[in-house]
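Results of the structural survey
These are the residues of each chain, in order.
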2 protein chains.
Amino acid sequence: MAQTFDLTAYLDRYRQEVETALDAYLPMGYPPKIYEAMRYSLLAGGKRLRPILVLASCELCGGVPQTAMPTACAVEMIHTMSLIHDDLPAMDNDDYRRGKLTNHKVYGEDIAILAGDGLLAYAFELIAARTEAPPDRVVKVIELLARSVSAAGLVGGQVVDLEMEGNPEATEAMLDYIHQHKTAALLEASVLAGAIVAGAGAEELELLRQYSQNIGLAFQIIDDILDITSTQAELGKSVGKDEKAQKLTYPKLWGIEVSQSKAQKLAAEAQQILQRFNDRAIPLQALADYIVARTN
Amino acid sequence: MAQTFDLTAYLDRYRQEVETALDAYLPMGYPPKIYEAMRYSLLAGGKRLRPILVLASCELCGGVPQTAMPTACAVEMIHTMSLIHDDLPAMDNDDYRRGKLTNHKVYGEDIAILAGDGLLAYAFELIAARTEAPPDRVVKVIELLARSVSAAGLVGGQVVDLEMEGNPEATEAMLDYIHQHKTAALLEASVLAGAIVAGAGAEELELLRQYSQNIGLAFQIIDDILDITSTQAELGKSVGKDEKAQKLTYPKLWGIEVSQSKAQKLAAEAQQILQRFNDRAIPLQALADYIVARTN
């Protein structure tokens, strides 16, 4: 089976299902402007890596992936919220995202702030209202995802990220803090949430936590590298941002080559951790490679 | 009992319990700046009307109020988030709130946006992690509260509110939409959430919904009147905002006296609706009077 697994087809299929579900879960409503703004950023494409991790992890733990679809889409709404708010003039002040003008450039800052708030709130409504799983699992998923975006997660990571701009005394410890909270926390929550919906036990959750921490760090290292080596056309967002903001990054710390090989080593370890799941681990193992090999 | 019920003592006791719980649920953490910013606005005082409604409603339905404390504090976090974001320069651009400088005036716009995001996310984490009630009730509470703040609630109300500024074609229907979503939705969710934690049935919830809609509208009418008749020292926030923003309000539509008597009539109806609960309704009935008689 390892030889015959077609990751591209797997990603395409799940990505398509996620796109359809996102569109269906968040139809237009009144007042139209806010629904347009939320849908503009939510349906702007993207790899849909986080929702696919939710679905793949649910499947790995023996669940029906469709049961985790509200959670998968909620994770993408949370991720989109964080992008909309990070791009605001008061934060990173970015004009492009996913190859399109950022939310506030199209709808104005007020609506962009509210679109993010609306997506964040709706993410929790969606999980609570639509997850067909025992309610104790639903409560656990909500607790986990909420923590991953709070001051103990994404928000905290973004605060330290803002503090590190142009800070000549930035340390590797601060860099680790940022990656763990701004990037890895939501990736880890995605993997664990899918497993919880499926009813995974403590041992499975622990293995998936280790896997997530590896791919989370690998993901961030590659992100930092792409900010240096890629073009805006390839990434769909501004490049060279870290250099311009005088931010410490992994390639700045270790160089590009060492960074690249560390990312590969992390992915290989992540694959090793999932051995115990046998063939069922193949999609998540392939996803670890994909995260390191990606060019956008 | 009706003669001996001391509303002031009742409010003071619950307000004190809420203050203590808010402080305990959101201690300082790393990065300190974001926790300081969240705590600055969350612990800035205020009437704590929404959390008290949660606790009183839980008690009315036979629950132990302390069981609803995480929900009560979560509602106050959501309310605080909406105030922080509404006060931003891109929105209402206010300098004072609850008698203190607004969050962004102290911490900057970036941190204020993130403090709001952090409070919103943490509200759901708190309910999920700390509510000692059957998980199906916890899921229902989260769904209800999330909807009350999403584009179908608070966020939608704020969007129409922004659209109505200086709009000479604003109608009473738009005004009703704003009050129902920006103010009444979270008040209603507070009352219903407390009841759900207590395990209330459909009939009780329906009565409480009618009660909430009445006090929600009464609350908004009084808010509009106070914006005209009060001073900044009394309210702790800017006054005369509606006039300056050329916004349609209830007193502008009906005049101050008629508005005042409509608010009183709504409160009397709200009290009537709760008759069926007998003496247990006394605190919520007294709260209806309090909402109309308040001077800040």
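Residues numbered from 1 in each chain as written. Chains lettered and ligands numbered in written order. Predicted model: local features only at pLDDT ≥ 70, side-chain atom pairs only at ≥ 80, totals over all residues.

1. A closer look at helix α14 (residues 256-273) of chain A
Residue and element names in this part refer to chain A. The cut-off we apply is this: Going along the chain from the N terminus, every DSSP run of H or I of four or more residues is numbered as a helix, and every run of E of two or more is numbered as a strand. One less than the residue count of a helix, multiplied by 1.5 Å, gives the span that helix is expected to have. Burial in this document is a count-based property: other C-beta atoms within 10 Å of a residue's C-beta are tallied, and the residue is buried at 20 or more, exposed at 12 or fewer, or partly exposed in between, with C-beta positions derived from the backbone. The arc under discussion is defined with respect to the helix axis, by the directions toward the C-beta atoms.
End to end, α14 covers 26 Å across 18 residues, agreeing with the expected 26 Å (1.5 Å per residue, within 8%). All of the buried residues in α14 are Ser-259, Ala-263, Leu-266, Ala-267, Ala-270, Gln-271 and Ile-273. Projected down its long axis, α14 shows its buried positions confined to an angular sector of 160 degrees, all on one face. Exposed and oriented more than 90 degrees from the buried face of α14 are Glu-257 and Ser-261.

2. With respect to the relation of the copies chain A and chain B
Definition in use: Here the copies were fitted onto each other by least squares, based on C-alpha atoms from residues at pLDDT of at least 70 in both. Any pair of residues counts as being in contact when their C-beta atoms, constructed from backbone geometry, are within 7 Å of one another.
Aligned on chain B, chain A shows an RMSD of 0.0 Å; the corresponding rotation is 180 degrees and the shift along the axis is 0.0 Å. As the rotation angle and translation indicate, the two copies are arranged about a two-fold axis. Within chain A, Pro-135 of chain A has its C-alpha nearest the rotation axis, a separation of 2.7 Å. Here 100% of the contact residues of chain A are again contact residues in chain B; the copies associate through an equivalent surface.

3. Some thoughts on the packing of helix α9 (residues 172-197) of chain A against helix α10 (residues 202-229) of chain A
All names here are of chain A. For clarity, the threshold we go by: Angles shown run from 0 to 180 degrees and are taken between the N-to-C directions of axes, each axis being a line fitted to C-alpha atoms and, for helices, limited to the stretch in contact. Throughout, a crossing is termed right-handed when the near helix is turned clockwise from the far one, and left-handed when it is turned anticlockwise from it by less than a right angle.
At a closest axis distance of 8 Å, the pairing of α9 and α10 adopts a crossing angle of 145 degrees. The handedness of the crossing between α9 and α10 comes out as right-handed. For the pair α9 and α10, contact is made by His-179, Thr-183, Ala-184, Leu-187, Glu-188, Val-191, Leu-192 and Ala-195 and by Glu-204, Leu-205, Leu-208, Arg-209, Tyr-211, Ser-212, Gln-213, Ile-215, Gly-216, Leu-217, Phe-219 and Gln-220, respectively.

4. Thoughts on the interface of chain A and chain B
Test applied: In this classification, the charged set is Asp, Glu, Lys and Arg, the nonpolar set is Ala, Val, Leu, Ile, Met, Phe, Trp, Tyr, Cys and Pro, and all remaining amino acids, among them Gly, are polar.
Listed per partner, the contact involves 42 residues of chain A and 42 residues of chain B. When contributions to the side of chain A that touches chain B are tallied by element, the ones reaching two or more residues are α2 (32-42), α6 (109-130), α7 (135-149) and α8 (154-164) of chain A. The biggest single contributor to the side of chain A that touches chain B is α6 of chain A, with 14 residues. The residue inventory of the side of chain A that touches chain B, partitioned by class, reads 28 nonpolar, six polar and eight charged.

5. Some remarks on the packing of α2 of chain A against α6 of chain A
Residue and element names in this part refer to chain A. Quick reminder of the rule: In this scheme, roughly parallel covers angles under 35 degrees and roughly antiparallel covers those over 145, while 65 to 115 is roughly perpendicular and the rest are oblique.
Close contact between α2 and α6 brings their axes to 9 Å; oriented N to C, the two are set at 75 degrees. With respect to their mutual orientation, α2 and α6 come out roughly perpendicular. Contacts between α2 and α6 involve Lys-33, Ile-34, Ala-37, Met-38, Ser-41 and Leu-42 on the former and, on the latter, Ile-111, Ala-112, Leu-114, Ala-115, Gly-118 and Leu-119. Here the residues of the contact of α2 with α6 are counted per class, giving nine nonpolar, two polar and one charged.

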